[in-house]
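Working through the structure, step by step
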Amino acid sequence: MMFNLFDWIDYSINKNKEKEIHCLKQGDIISNRYKIENRLSSYQQQLDTDPYLAIDLKSPEHKKVVITLLELPTINRKIQKEASSFFKQETDKLIRLSEKIDVVPKFIDFLEGEECFYVATEYIESTALSQELSRHQSSEAESVILIKEILMSLQILHHNNVIHQKITPHHIIRQSKDGKLLFTYFGDLKKIREMNRSEKTMGNPHIVRSPYLSPDLYANQACFSSDIYTIGVIGIKKITGQGLFDIGVNHSNGKTLWRDHCQCSNRFAFVLDKMIEHDVKNRYQHICEIMEDIKHNW
């Protein structure tokens with residue numbers, strides 16, 4: 001069995017929630033540097049769990065940071081060592097990437113405890129995009145503006161050869177100070193090496209199927225177009241006020257009947273439909289193609 005990094009994180013997070021293990025409390029200090037202030041139960045960030053607000057005691061201004069805790073596998077020492085090495089490698093990549101681009105929160109530090117990892121990230125005053133997507137319909141113009149905003153930020157990730165793979169409205173945040181959209185819970189999602197673990201010793205990661213994730217992701221065939229699919233679904237949510245799973249399907253061709261739930265021009269409907277094509281070959285391959293179509297029509 002093989003898992004990508006964030007499949008493992010999903011599994012670890014749910015294990016933590018089941019067991020309530022390794023809970024940090026106010027005043028705890030991690031690695032003689034990060035002092036825990038309180039739990040951030042409403043803060044959506046890189047790892048999509050309830051992280052902790054902490055103070056970086058070694059920074060001149062005692063900056064606020066976010067500490068996220070992840071359980072190490074406890075099956076055997078070999079798996080622990082491989083998971084630790086892989087996670088450190090991937091986190092180092094995220095730290096370097098976040099220093100180079102401004103559409104993701106900064107990854108600051110990676111620490112390892114006895115039975116867990118700690119990841120320190122930049123604290124950003126923000127709101128999740130999910131709070132903007134209400135049950136009410138938005139106009140076509142508003143939907144186009146949002147799609148363009150998201151794509152402009154996503155294009156920076158793609159230009160750096162990063163496929164997000166886990167975009168949902170919870171994983172896009174709007175920075176309070178300037179309204180800029182940032183992506184969280186992302187990474188250079190490569191496969192954890194084969195560890196020869198069975199379902200009896202490991203158990204399957206708890207992965208909840210999301211309407212925002214493309215069919216090719218579930219088939220482990222991620223590509224840039226996988227992220228484009230997700231943004232198309234967000235566009236449909238914006239203009240209809242409904243999630244993709246709540247909208248009917250034409251059983252003869254498998255197409256989602258989202259057009260029946262909003263007022264939308266044929267030209268914008270064409271763009272959204274092409275973004276959410278199940279067959280990757282028929283979907284937009286690159287963001288520049290979408291921006292070109294939007295540029296000519298709006």
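Conventions adopted
Residues numbered from 1 in each chain as written. Predicted model: local features only at pLDDT ≥ 70, side-chain atom pairs only at ≥ 80, totals over all residues. Heavy atoms only, no water. Helix = DSSP H or I, 4+ residues; strand = E, 2+ residues; numbered from the N terminus. Contact = heavy atoms within 4.5 Å. Areas by Shrake-Rupley, 256 points an atom, 1.4 Å probe, with all protein chains shown as cover. Expected span 1.5 Å × (residues − 1). Buried < 20%, exposed > 50% of the residue type's maximum accessible area, 1.4 Å probe, protein only. Salt bridge = Lys/Arg side-chain N within 4 Å of Asp/Glu carboxyl O. Axes fitted to C-alpha atoms, helices over the stretch in contact; angles between N-to-C directions. Parallel < 35°, antiparallel > 145°, perpendicular 65-115°, else oblique. Left-handed = near helix turned anticlockwise from the far one by under 90°. Nonpolar A, V, L, I, M, F, W, Y, C, P; charged D, E, K, R; others polar. Disulfide = S-S within 2.5 Å. Core = buried A, V, L, I, M, F, W, Y, C linked by side-chain atoms within 4.5 Å. Arc of directions from axis to C-beta. Polar contact = N/O pair within 3.5 Å; in protein donor to acceptor, adjacent residues only side chain to side chain. Pairing = 2+ DSSP bridges. Phe/Tyr/Trp six-rings, centres within 6.5 Å; stacked < 30°, edge-to-face > 60°. Lys NZ or Arg CZ within 6 Å of the ring centre and 35° of its normal.

Looking only at helices and strands, the protein features seven helices and nine strands. Long-range pairs, those at least 24 residues apart, make up 64% of the contacts in the protein with a sequence separation of at least 6. Within the structure as shown, the protein displays about 14,700 Å² of accessible surface, and the carbon and sulfur contribution to it stands at 47%.

Further remarks concern helix H3 (residues 140-159). When the terminal C-alpha atoms of H3 are compared, their 28 Å separation across 20 residues agrees well with the 28 Å that a helix rising 1.5 Å per residue should span. Listing the buried residues of H3 in full gives Glu140, Ser143, Val144, Leu146, Ile147, Ile150, Leu151, Ser153, Leu154, Leu157 and His158. Trailing H3 by a residue or two, Asn161 shows a phi angle of about 65 degrees, which is positive.

Here the structure, examined in full by the defined rule, presents ten salt bridges. In this structure, Asp216 engages Arg283 in a salt bridge whose closest nitrogen and oxygen atoms are separated by 2.8 Å. With a gap of 67 residues between them, Asp216 in helix H4 (residues 215-218) and Arg283 in the loop between helix H6 (266-275) and helix H7 (287-297) connect regions that are remote in the sequence. For the salt bridge of Arg259 with Asp273, the shortest nitrogen-to-oxygen distance reads 2.6 Å. Remark: Asp273 occurs in helix H6 and Arg259 occurs in the loop between helix H5 (224-240) and H6; sequence separation between them is 14 residues. Take Arg259: its relative accessible area is 40%, and that puts it in the partly exposed class. Residues joined in a network through salt bridges with shared partners are Arg33, Asp56 and Asp109.

This part takes up the packing of H5 against H6. Where H5 contacts H6, the axes come no closer than 7 Å and their chain directions differ by 135 degrees. One element, H5, and the other, H6, form an angle in the oblique class. For the pair H5 and H6, the sense of crossing is left-handed. Together, Ile228, Tyr229, Ile231, Gly232, Gly235, Ile236 and Ile239 of H5 and Phe268, Leu272 and Met275 of H6 make up the contact between the two elements. Per-class residue counts for the contact of H5 with H6 are eight nonpolar, two polar and no charged.

Right, let's get into the state of the cysteines. Within this structure, the stated rule accounts for zero disulfides. There is no disulfide at Cys262, and the cysteine sulfur nearest it, in Cys264, is 5.1 Å away.

Ranked by internal contacts, the top residues of the largest apolar core, which has 40 residues, are Ile150, Ile231, Ile234 and Trp258. Those elements that provide at least two residues to this core are H3, strand S9 (181-183), H5, H6 and H7. Aside from chain neighbours lying at most four places away, what touches Ile150 is Leu129, Ile172, Leu181, Phe183, Ile231 and Ile234. Ile30, Val65, Ile67 and Cys116 belong to the second largest nonpolar core, which has 13 residues in total.

Our focus in this paragraph is H6. Within the sequence span of H6, burial applies to Phe268, Ala269, Val271, Leu272 and Met275. Summarising the axial view, the buried residues of H6 lie within an arc of 160 degrees, below the 170-degree limit, and thus occupy one face.

Topologically, Asp28 is positioned in the loop between helix H1 (5-19) and strand S1 (29-30). Polar contacts involving the side chain of Asp28 include one to the main-chain amide nitrogen of Lys25, which spans 3.0 Å. Beyond its immediate stretch of four places on either side in the chain, Asp28 contacts Tyr34, Lys35 and Ile36.

What follows is about the environment of Asn250. You can see Asn250 is positioned in the loop between H5 and H6. Apart from the residues lying within four places of it in its own chain, the contact partners of Asn250 are Lys255 and Leu257. Side chain to side chain, Asn250 and Ser252 meet in a polar contact 2.5 Å long.

Every second residue of strand S8 (residues 172-175) is oriented toward a common face, with Ile172 and Arg174 on one face and Ile173 and Gln175 on the other, all of them buried. Both strand S7 (residues 126-128) and S8 contribute to a ladder of three bridges, which runs antiparallel. Following the sheet pairing, Ser126 is matched in S8 by Gln175. Strand direction decides the pairing type here: S8 and S9, joined by three bridges, are antiparallel. Its bridge partner lying in S9, Ile173 is registered against Leu182. Remark: five residues form the turn of the hairpin made by S8 and S9, two consecutive strands paired antiparallel; Gly179 in that turn has positive phi of roughly 75 degrees.

Under the criterion given, the structure shown has zero aromatic pairs. One residue, Lys274, lies across the ring of Tyr284, its end atom 4.7 Å from the ring centre.

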